[in-house]
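As a plain string of letters, each chain reads:
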2 protein chains.
Amino acid sequence: MNVLEERIMKDGRVIDSSTLNVGGFLNHQLDIRLIKWIAEEIKRRFADTEVTKILTIESSGIPIAVMLGDLYDVPVVFAKKGSSKTTNDDKYVSSAYSFTHQKMNDVFVLKQYLNPDDKVLVVDDFLADGEAARAMIDITVQAGGEVVGLAVAVEKASQRGGKELRMEGYHLESIAIVESLDDTNGQIKLRRQ
Amino acid sequence: MNVLEERIMKDGRVIDSSTLNVGGFLNHQLDIRLIKWIAEEIKRRFADTEVTKILTIESSGIPIAVMLGDLYDVPVVFAKKGSSKTTNDDKYVSSAYSFTHQKMNDVFVLKQYLNPDDKVLVVDDFLADGEAARAMIDITVQAGGEVVGLAVAVEKASQRGGKELRMEGYHLESIAIVESLDDTNGQIKLRRQ
């Protein structure tokens, strides 16, 4: 098991059969050494890939994206949800269903922050049905850029996102893959990688 | 002028007399080297202060908080807005008016991530009326912890937050202080520090 997998087994909590709480180290309280390790592991897995921009979505993808931006020395862009007073410029807009908040969110990136020559690594903390990933792919395509890969800390194999994205030929790397969550005994089953 | 001040003068855009857009480097697209510099400057200004936890609020404070967590080698906690399916545990809850979204937001931190012995450095990208800072102070006090300081990238001197917090005795460090924004000619006036 890698560092993240060990941590999930130790400190992850099963809320129900589709919900794993990793708030203690990944997306509410952050273990920065772990976040850094995840970023290093992502960069290692994309060793042969040129990346000019890291794209994530607020909020929980930002810590890993920031550490990756530091490692690659490229700008990080985070897609924003909803509309904003300070952003009346032209935007690339997409929408994504939020599993956590159980509603559709409009997400956008200002056009000036994504370019046709950008080679974009899409990053997030979780991959479930792939809604957020799809929105970021959509936004990158609208900008004429290229999605060179997708990287997430935790993929939930019981939901369709990872399987579909791989079938479509995307280079997807998930640092930990949760096979199943048993809410009767709190057991977490990870896929061997 | 310091690195952030120079960047604001070069790339900041005046939207109106109370709104400065720094989305190109601070809170939409992120210049990671600049974010790192800001974190280093904050740590320098709090050189004599013991910090056991970095507290910020989603989303724009997260990048600076992550870099500070790395420098201090302490956990980062980000307060979340609204309610969440994955968090049914006990929370410390406060509320803050969002200048950007022009509405009240409930913000919370799960109780297990803040402790009575925590020495908390509160971090954000902007300080205007101090609503977000107040919510984070409130949450820290509820936890029995100590706010050892507040640090923001940009303070807007035309709004009351910074003045009030200093009068109340908080150690507040703002890496750049915007004195005024002129929306007739786009001029930005910074306070000399």
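What comes next concerns the included structure. The structure displayed is predicted, hence computed values, not measured ones.

### Digging into the overall build of chain A
Consideration 1: Counting its secondary structure elements, chain A contains 6 helices and 11 strands.
Consideration 2: The globule rule puts the C-alpha radius of gyration for 193 residues at 16 Å, and the 16 Å found for chain A is close to it.
Consideration 3: In terms of its C-alpha atoms, chain A occupies a principal-axis envelope of roughly 50 × 35 × 35 Å.
Consideration 4: Buried residues in chain A amount to 56% of all 193 residues.
Consideration 5: When contacts within chain A are restricted to residue pairs at least 6 apart in sequence, those whose partners lie at least 24 apart make up 62%.
Consideration 6: A total accessible area of about 8,100 Å² is found for chain A, and carbon and sulfur atoms account for 44% of it.

### A short note on the packing of aromatic side chains
Consideration 1: All chains considered together, the criterion is met by 0 aromatic pairs over all chains.
Consideration 2: The lysine or arginine in question, K43 of chain A, covers the ring of Y72 of chain A, its NZ or CZ lying 5.2 Å from the ring centre.
Consideration 3: Its guanidinium or amino end placed over the ring of F108 of chain B, K91 of chain B lies 4.6 Å from that ring's centre, counting from NZ or CZ.

### What to know about helix α3 (residues 32-45) of chain A
Residue and element names in this part refer to chain A.
Consideration 1: The first and last C-alpha atoms of α3 sit 20 Å apart over 14 residues, in line with the 20 Å expected at 1.5 Å per residue.
Consideration 2: Within α3, the full set of buried residues consists of I32, L34, I35, I38, A39, E41, I42 and R45.
Consideration 3: Measuring from the side-chain oxygen of the N-cap residue of α3 to the backbone nitrogen of R33 gives 3.1 Å; that N-cap residue is D31.

### Brief notes about the pairing of strand β9 (residues 146-156) of chain B
Residues and elements named next belong to chain B.
Consideration 1: Burial analysis of β9 places 10 of its 11 residues in the buried class, which makes it a mostly covered element.
Consideration 2: Of the pairings in the sheet, the one linking strand β8 (residues 119-127) to β9 comprises 8 bridges and is parallel in character. By the bridge assignment, L121 is partnered in β9 with G149.
Consideration 3: The pairing of β9 with strand β10 (residues 172-182) spans 6 bridges and is parallel.

### Let's talk about the relation of the copies chain A and chain B
Consideration 1: Mapping chain A onto chain B leaves a residual RMSD of 0.0 Å; the transformation is a rotation of 180° accompanied by 0.0 Å of translation along its axis. In short, the pair behaves as if placed about a two-fold rotation axis. Closest approach to the rotation axis among the C-alpha atoms of chain A is made by S59 of chain A, whose C-alpha sits 2.6 Å away.
Consideration 2: Interface overlap between copies is the fraction of interface residues in one copy that are interface residues in the other; for chain A against chain B it reaches 100%, indicating a shared surface.

### Focus on unusual backbone geometry
Residue and element names in this part refer to chain A.
Consideration 1: Of note, the amide linkage connecting E58 to S59 takes the cis form, showing an omega dihedral of 0°.
Consideration 2: Even without glycine at this site, D73 takes up a positive phi of about 55°.
Consideration 3: Looking at the secondary structure, you find D73 in the loop between α4 (62-72) and β5 (76-81).

### Considering the interface of chain A and chain B
Interface size is commonly expressed as the accessible area that is lost once the parts come together.
Consideration 1: Of the residues lining the interface, 47 residues belong to chain A; the matching set on chain B comes to 47 residues.
Consideration 2: The junction of chain A with chain B conceals about 3,900 Å² of combined surface from both sides, 54% of it contributed by carbon and sulfur atoms.
Consideration 3: Linking chain A to chain B there are 4 salt bridges.
Consideration 4: Linking chain A with chain B are 21 residue pairs in polar contact (both at pLDDT 80 or more), by the criterion used here.
Consideration 5: Of all elements in the fold, only β1 (13-16), β2 (19-21), α2 (23-27), β3 (29-30), α3, α4, β5 and β7 (103-110) of chain A reach the threshold of two or more residues within the side of chain A that touches chain B.
Consideration 6: Broken down by element, the side of chain A that touches chain B gets its largest block of residues, 6 residues, from α4 of chain A.
Consideration 7: In terms of residue class, the side of chain A that touches chain B is built from 17 nonpolar, 18 polar and 12 charged.

### Some remarks on the pattern of salt bridges
Residues and elements named next belong to chain A.
Consideration 1: The tally for this structure, following the rule as stated, stands at 34 salt bridges over all chains.
Consideration 2: Salt-bridge contacts for R7 lead to D11; the nearest nitrogen and oxygen are separated by 2.7 Å. Taken together, the positions of R7 and D11, both in helix α1 (residues 3-11) and 4 residues apart, correspond to about one turn of that helix.
Consideration 3: The partner of R45 in a salt bridge is E173, with the nearest N and O atoms 3.1 Å apart. Taken as a pair, R45 in helix α3 and E173 in strand β10 (residues 172-182) lie far apart in primary sequence, 128 residues in all.
Consideration 4: When its relative accessible area of 18% is taken as the criterion, E173 is described as buried.
Consideration 5: Residues joined by salt bridges that share partners form a network here, namely D129, E131, R134, R160, E164 and E168.

### A closer look at the environment of A143 of chain B
Consideration 1: Here A143 of chain B shows up in the loop between α5 (131-142) and β9.
Consideration 2: Separated by 24 residues in the primary sequence, A143 of chain B and M167 of chain B have C-alpha atoms spaced 23 Å apart.

### Here we look at helix α4 (residues 62-72) of chain B
Consideration 1: Across the 11 residues of α4 of chain B, 9 count as buried, placing the element largely inside the fold.
Consideration 2: All of the buried residues along α4 of chain B are I62, P63, I64, A65, V66, M67, L68, G69 and Y72 of chain B.

### Remarks on the pairing of strand β6 (residues 91-98) of chain B
Looking along a regular strand, one sees the side chains alternate between the two faces of the sheet.
Residues and elements named next belong to chain B.
Consideration 1: Of the two faces of β6, the one holding Y92, S94, A96 and S98 is buried and the one holding K91, V93, S95 and Y97 is not buried anywhere.
Consideration 2: Alignment of β6 against strand β7 (residues 103-110), held across 8 bridges, turns out to be antiparallel. Within the sheet, the bridge partner assigned to Y92 lies in β7 and is V109.

### Here we look at the nonpolar core
Consideration 1: The biggest cluster of nonpolar side chains holds 80 residues, and the ones touching the most others in it are L4, I54 and L121 of chain A together with L4, I54 and L121 of chain B.
Consideration 2: Among the nonpolar cores identified, the runner-up in size contains 27 residues, and V109, V120, A135 and L165 of chain B belong to it.

Analysis parameters
Residue indices follow the written sequence of each chain, beginning from 1 at its first position. Think of it this way: whatever chain is written first is A, whatever ligand is written first is 1, and the rest follow in order. Local features in a predicted model are, by the rule used here, given only for residues with pLDDT of at least 70; side-chain atom pairs are given and counted only at 80 or more, and totals for whole chains, interfaces and linings are based on all residues. Working from all heavy atoms in the structure, the side-chain values ignore hydrogens and water. Numbering of helices and strands starts at the N terminus; helices are DSSP runs of H or I of at least 4 residues and strands are runs of E of at least 2. Only C-alpha atoms enter the radius of gyration, while the globule expectation follows 2.2 Å times N to the 0.38, with N the number of residues. Accessible area is worked out with a 1.4 Å probe on protein chains only. A residue is then buried under 20% of its type maximum, exposed over 50%, and partly exposed in between. Residues are treated as being in contact if the distance between any of their heavy atoms lies within 4.5 Å. What sets the accessible areas is the Shrake-Rupley method with a 1.4 Å probe; for residues, cover comes only from the shown protein chains. Stacked, edge-to-face and tilted labels apply to pairs of Phe, Tyr and Trp rings (six-membered ring for Trp) whose centres lie within 6.5 Å, assigned for plane angles under 30 degrees, over 60, and everything in between, in that order. Two conditions define a charge located above a ring, namely a distance within 6 Å from the ring centre to NZ of Lys or CZ of Arg, and an angle within 35 degrees of the ring normal. Expected span of a helix, by definition, is 1.5 Å for each gap between consecutive residues, and there is one gap fewer than residues. In protein, a polar contact means a hydrogen-donor-capable atom and an acceptor-capable atom, both N or O and within 3.5 Å, with residues adjacent in sequence counting only if both atoms are side-chain atoms; elsewhere, any N or O pair within 3.5 Å suffices. For two strands to count as paired, DSSP must find a minimum of two bridges between them. When the copies are superposed, the least-squares fit draws on C-alpha atoms of residues that have pLDDT of at least 70 in both. A simple way to read buried area is as the amount of 1.4 Å-probe accessible surface that goes missing from two parts once joined, with both sides added. The working definition used for a salt bridge is a side-chain nitrogen of Lys or Arg within 4 Å of a carboxyl oxygen of Asp or Glu. Amino acids are sorted into nonpolar (Ala, Val, Leu, Ile, Met, Phe, Trp, Tyr, Cys and Pro), charged (Asp, Glu, Lys and Arg) and polar (every other residue, Gly among them). Note on terminology: a nonpolar core comprises buried Ala, Val, Leu, Ile, Met, Phe, Trp, Tyr and Cys residues joined through side-chain atoms within 4.5 Å.

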